[in-house]
Amino acid sequence: MILRHLGVRQSRQFLAFSRQTRILSRFNSTGTPVDTAVPTPSEAPAVQAEKPFVPRKPLSEEKLAWRNKEQQKHSFHALGSDVADAYEPEDLIRNPPKPSDISLELLLASQTHLGHSTSRWNPQNSRYIFGIRDGIHIISLDITAAYLRRAAKVVEEVSARGGLVLFVGTRKGHKRTVVRAAELARGYHIFERWIPGSLTNGQQILGHCDLKFVNGLDEEIPKFKPLLAERPAAKPDLVVCLNPVENVVMLHECGLNNVPTIGIIDTDADPTRVTYPIPSNDDSLRAVTVIAGILGRAGEAGQERRLKKAAEGKLTYERITPDDLGITSDDK
């Protein structure tokens, strides 16, 4: 039995070997190819008959509306699309609005209408409050716009008469706003802590500050400088305070020296501490920047009016001659 199985296995191996030789000889043969029914690629395809032109049917209203919607969606989400009327915080500092630009839309977008919680309100602000929403007092935008226009007019008239305007903002983030408003109004600014006694005891605290005499065109007159040694420290003619709650001492000193003040009064502040209150949200940096920019623009307009009149020879103050100050001809 074992020999029979070995013979069968050997015969199968010989058959497999012969089958492989036949396959290899078929690929290696050099005989002429046999024609087949399948056409070769070199043969040119038969020219098909052209189909008659059939015009397309017009799209229905539903399909046309769907296609327009898809095109609009694609163009809206495309890269490089321009968005108009976008809010950029730096624009309020670089180019503040003017008093003529005051509108309810601008005040609403600046969040000037948002007050504090009803539990923190000052009853003296009841005339400025429009209503209550979610436990928060809402400030009337009509009153805010009217009081802001009045304050801007005060700043403009003080600047037009050559007065000194002081802008004060001691909260975090007020620095650039205060400096920009003072630059526009050609005034002064304080963005750090107010030193108590700067007005009531100004000679001791501000006595080291330099003073100078200027003419109507803001040109310095050096020959009057020797007379400034005995003069007291200069005081501002108007103070604009952006956070009256933290500057009660400064407002008290202004009251003792009869210096008018303008302040942003929130629902938790005391409106009687300032001369010209502006009911608004004092916690929003955007609202404070808008109000300070408008007041700075008002001061800029007043300074332009003053310089224009000075160029024509019209002064808003009494002219002082060297004889009035006791300066002899030798000193001239």
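Residues numbered from 1 in each chain as written. Predicted model: local features only at pLDDT ≥ 70, side-chain atom pairs only at ≥ 80, totals over all residues. Heavy atoms only, no water.

A. Up close: the packing of helix 6 (residues 175-185) against helix 9 (residues 285-311). Direction vectors running N to C along helix 6 and helix 9 enclose 15°, while the axes themselves pass 7 Å from each other. Classed by the angle they form, the pair helix 6 and helix 9 counts as roughly parallel. Crossing hand, helix 6 versus helix 9: right-handed. Touching Thr177, Ala181, Leu184 and Ala185 of helix 6 are Val288, Thr289, Ala292, Gly296, Arg297, Gly299, Glu300 and Gln303, all from helix 9. Broken down by class, the residue content of the contact of helix 6 with helix 9 amounts to five nonpolar, five polar and two charged. (Axes fitted to C-alpha atoms, helices over the stretch in contact; angles between N-to-C directions. Helix = DSSP H or I, 4+ residues; strand = E, 2+ residues; numbered from the N terminus. Parallel < 35°, antiparallel > 145°, perpendicular 65-115°, else oblique. Left-handed = near helix turned anticlockwise from the far one by under 90°. Contact = heavy atoms within 4.5 Å. Nonpolar A, V, L, I, M, F, W, Y, C, P; charged D, E, K, R; others polar.)

B. Spotlight on the environment of His137. As for its placement among the helices and strands, His137 is situated in strand 3 (residues 136-139). Taking relative accessible area as the criterion, His137 reaches 5% and is therefore assigned buried. The sequence separation of His137 and Ser126 amounts to eleven residues, and the corresponding C-alpha distance is 9.7 Å. Discounting chain neighbours no more than four positions away, the residues touching His137 are His113, Leu114, Gly115, His116, Ser117, Thr118, Trp121, Ile129, Gly131, Ile132 and Thr267. (Buried < 20%, exposed > 50% of the residue type's maximum accessible area, 1.4 Å probe, protein only.)

C. The confidence of the model for the chain, seen in detail. The predicted model of the chain averages 80 in pLDDT, with 74% of residues at 70 or higher. Overall, residues 1-6 carries pLDDT values under 50, and its contacts beyond four positions in sequence, including any with other chains, amount to zero contacts. (pLDDT = per-residue confidence, 0-100.)

D. View of empty space enclosed by the protein. Within the structure shown, the criterion is met by one cavity of 30 Å³ or more. Taken together, Leu92, Ile93, Pro96, Thr177, Arg180, Ala181, Thr289, Ala292 and Gly293 form the lining of the largest cavity. Those elements giving two or more residues to the lining of the largest cavity turn out to be helix 3 (89-94), helix 6 and helix 9. Tallied by class, residues from the lining of the largest cavity come to five nonpolar, three polar and one charged. (1 Å grid on protein atoms, 1.4 Å probe; cavity = no way out; pocket = protein on both sides within 12 Å on 5 of 7 lines; lining within 4 Å. Points joined across faces, edges and corners; volume = space filled by probe spheres on them.)

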